[in-house]
Amino acid sequence: MPEADTVKPTKEKNYYEHIPMATPGFFLKGASALDWGMKNRLARIFNPATGRTVMLAIDHGYFQGPTTGLERIDLNIVPLMPMADALMLTRGILRTTVPPALTKPIVLRCSGGPSILKELSNEELAVDIEDAVRLNVAAVTLQVFIGGEYETRSVHNMTRLVDMGLRLGIPTMAVTAVGKTMTRDAQYFRLACRICAELGAHMVKTYYCEEGFETITASCPVPIVMAGGKKLPELEALTMAYNAIQQGAAGVDMGRNIFQSEAPKAMMQAIAKVVHESLKPKAAFDLYETLKNQEAGKPKRRG
Ligand code: R5P
């Protein structure tokens, strides 16, 4: 369906996957021309030493309620937060459950509307940019449903959020939503990610695909962070993160593969090694197992 220009191509496409885009004056792809405040916020999300981030996504409740692993964020997720580089969540969880003394950068979910019981692409902006400022967030984020029933509405939501954020120096992360039925292949994600960047997103969160992920990162002029998707066995999730990083992702924004893991703290630490130090999947899995066993051996706190 996507990429109308592939009909009777006269020339093969060339993404120059092996030539990274230049980043003059600032470490992050596509951010050189941004203002100081915008760059400073991005530098809180992406570690300037590696150019990468491990974002913990816990915003699932905004459309699917108390997701498995997120039933009690106060008990099960708050202890994980110091291990993340950034947190992606809703203002409801931020205000009710996250200690204000936590100084991790917040990427604030700003779209919403339909629940899992309805058409998911029918979203609206659900946060005023003033509230994002009040909450001292590092970035705002929303779903963009390219090819979805309400595609134009979701794109317009994004361009409005980008415009509001630009006025105040707050970057926008677009999430390429796949909905219930949309294809997840490189051709689709190239289309979706590039549209988001062309229309102003400062970073894009998208899913990994086995074939051609490096063409998605190469053809998108802003950083891409990989979404985790459904829960996988730990070695597979670590391998997926490793491959995404090696193929040009600037980090991960993972939820279920961390908080639904048997040992979320161990998984978080293993993922961080993969992202920031390019630790190989097998070594990262060994680390995960070691940390998991250490955690299991600790006496449980009472009360
Ligand atoms: C889902 O709509 C939310 O944006 C999540 O943040 C996103 O799906 C990432 O979480 P997971 O790694 O569980 O897919």
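Residues numbered from 1 in each chain as written. Predicted model: local features only at pLDDT ≥ 70, side-chain atom pairs only at ≥ 80, totals over all residues. Heavy atoms only, no water.

Here we look at the sheet that holds strand β7 (residues 172–176)
The strand order β1-β2-β3-β6-β7-β8-β9-β10 describes a closed barrel built from eight strands, whose pairing is parallel. Direction aside, neighbouring strands of the sheet carry axes that sit 25° apart on average. Pairing between strand β2 (residues 86–89) and strand β3 (residues 106–109): three bridges, direction parallel. Looking across to β3, one finds that L87 is bridged to I106. Sitting on the sheet, helix α9 (residues 234–246) touches β9 (224–227) and β10 (251–254), and the angle it makes with β9 is about 165°. (Pairing = 2+ DSSP bridges. Helix = DSSP H or I, 4+ residues; strand = E, 2+ residues; numbered from the N terminus. Axes fitted to C-alpha atoms, helices over the stretch in contact; angles between N-to-C directions. Contact = heavy atoms within 4.5 Å.)

Examining helix α7 (residues 186–198)
With 13 residues, α7 extends 18 Å between its outermost C-alpha atoms, agreeing within 8% with the 18 Å of an ideal straight helix rising 1.5 Å per residue. Along α7, the residues classified as buried are A186, Y188, F189, R190, A192, C193, C196 and A197. On its buried face, α7 is in contact with β6 (139–144), α6 (151–168), β7, β8 (203–207), α8 (213–218) and β9. G200 sits one or two positions beyond α7 and adopts a positive phi of about 120°. (Expected span 1.5 Å × (residues − 1). Buried < 20%, exposed > 50% of the residue type's maximum accessible area, 1.4 Å probe, protein only.)

Focus on the nonpolar core
Counting residues in each nonpolar core, the largest one holds 78 residues, and the members touching the most others are L56, I58, I77, M81 and I271. Here I77 is in contact with L56, I58, G69, L70, R72 and F259, once residues within four sequence places are set aside. If you look at the next biggest cluster of nonpolar residues, it comprises 20 residues, including M38, M55, V107 and A138. (Core = buried A, V, L, I, M, F, W, Y, C linked by side-chain atoms within 4.5 Å.)

Remarks on unusual backbone geometry
Even without glycine at this site, Y16 takes up a positive phi of about 45°. If you check the backbone angles, N136 has positive phi at about 60° while not being a glycine. Locating N136 in the fold gives a position in the loop between α5 (129–134) and β6.

Some points on the site of the ligand
Around the ligand sit 15 residues in total, of which D59, H60, G229, G255 and R256 are the nearest. A distance of 2.7 Å separates an oxygen atom of the ligand from a polar side-chain atom of H60. Between an oxygen atom of the ligand and a main-chain N or O atom of G255, the distance comes to 2.7 Å. Burial of the ligand by the surrounding chains reaches 96%, relative to a free accessible area of 360 Å². The set of elements that each furnish at least two residues to the shell around the ligand consists of β8 and β10. Looking at the shell around the ligand residue by residue, the class counts come to five nonpolar, five polar and five charged. (Near = heavy atom within 4 Å. Polar contact = N/O pair within 3.5 Å; in protein donor to acceptor, adjacent residues only side chain to side chain. Areas by Shrake-Rupley, 256 points an atom, 1.4 Å probe, with all protein chains shown as cover. Nonpolar A, V, L, I, M, F, W, Y, C, P; charged D, E, K, R; others polar.)

A closer look at the environment of N40
Structurally, N40 can be placed in helix α1 (residues 36–45). A relative accessible area of 31% places N40 in the partly exposed class. In sequence terms N40 and G169 are 129 residues apart; their C-alpha atoms lie 9.3 Å from each other.

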